[in-house]
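In case you want the letters, here they are:
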Amino acid sequence: MQVGTATITYGNFIQNVVDFLIVAACIFAMLKFLAHFKKTTNDQLDQKEPKKEDTVVLLEEICYLLKKIDKVN
C-alpha cells in the first residue's frame, strides 16, 4: 500500500508477528517438556532409595549407643 511516497508493508508486519508467535510457542513447549522430564527424573531418583530393613536400623542404633558408651568411659 502506498501513501504518498511512503510504502506501508503491513504484510511484513503480520508475517513477523506470526513468526514470533510460532517461535514463542516452540520455546514454551520445549521448556514445559524439560520441566516435566526433570520432575519425572527426580521422582524416579526418590523412589530408587531403598528402605532399610528393621534389623539394619536396630543394628545401627546399637552401634551408635556402643560408640556413645565408649566416649563416656
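Residues numbered from 1 in each chain as written. Predicted model: local features only at pLDDT ≥ 70, side-chain atom pairs only at ≥ 80, totals over all residues. Heavy atoms only, no water.

## Considering the overall build of the protein
Part 1 of the reasoning: A count of helical and extended segments in the protein gives 2 helices and 2 strands.
Part 2 of the reasoning: Going from N to C terminus, the protein has its helices and strands arranged as β-β-α-α.
Part 3 of the reasoning: Taking 2.2 N^0.38 as the reference for a compact globule, 73 residues should give roughly 11 Å; the C-alpha atoms of the protein span a radius of gyration of 32 Å, well beyond that estimate.
Part 4 of the reasoning: Principal-axis analysis of the C-alpha atoms gives the protein an extent of 100 × 25 × 5 Å.
Part 5 of the reasoning: Scored against the burial criterion, the 73 residues of the protein give a buried share of 0%. (Helix = DSSP H or I, 4+ residues; strand = E, 2+ residues; numbered from the N terminus. Rg over C-alpha atoms; globule rule 2.2 N^0.38 Å. Buried < 20%, exposed > 50% of the residue type's maximum accessible area, 1.4 Å probe, protein only.)

## Considering the packing of aromatic side chains
Part 1 of the reasoning: The final tally for this structure, using the stated rule, is 1 aromatic pair.
Part 2 of the reasoning: Centroid distance F33 to F37: 6.4 Å. Interplanar angle 20°. Geometry classified as stacked. Taken as a pair, F33 and F37 lie in helix α1 (residues 10-48) at a separation of 4 residues, close to a single helical turn. Of the two residues, F33 and F37, both sit in the exposed class. (Phe/Tyr/Trp six-rings, centres within 6.5 Å; stacked < 30°, edge-to-face > 60°.)

## Concerning the pattern of salt bridges
Part 1 of the reasoning: Applying the stated rule across the entire model yields 1 salt bridge.
Part 2 of the reasoning: Ionic pairing is found between K52 and E60, a salt bridge with its closest N-O pair at 3.1 Å.
Part 3 of the reasoning: Classification of E60 by relative accessible area gives partly exposed; the value is 39%. (Salt bridge = Lys/Arg side-chain N within 4 Å of Asp/Glu carboxyl O.)

## So, a nonpolar patch on the surface
Part 1 of the reasoning: A cluster of nonpolar side chains, contributed by V3, I8, Y10, F13, I14, V17, V18, F20, L21 and I22, occupies part of the molecular surface with about 990 Å² of accessible area.
Part 2 of the reasoning: Of the residues forming the nonpolar patch, the biggest block, 8 residues, is contributed by α1.
Part 3 of the reasoning: On the basis of relative accessible area, I8 is assigned to the partly exposed category, the value being 41%. (Patch = residues over 30% accessible without salt bridge, like charges linked within 9 Å, V, L, I, M, F, W, Y side chains within 5 Å. Areas by Shrake-Rupley, 256 points an atom, 1.4 Å probe, with all protein chains shown as cover.)

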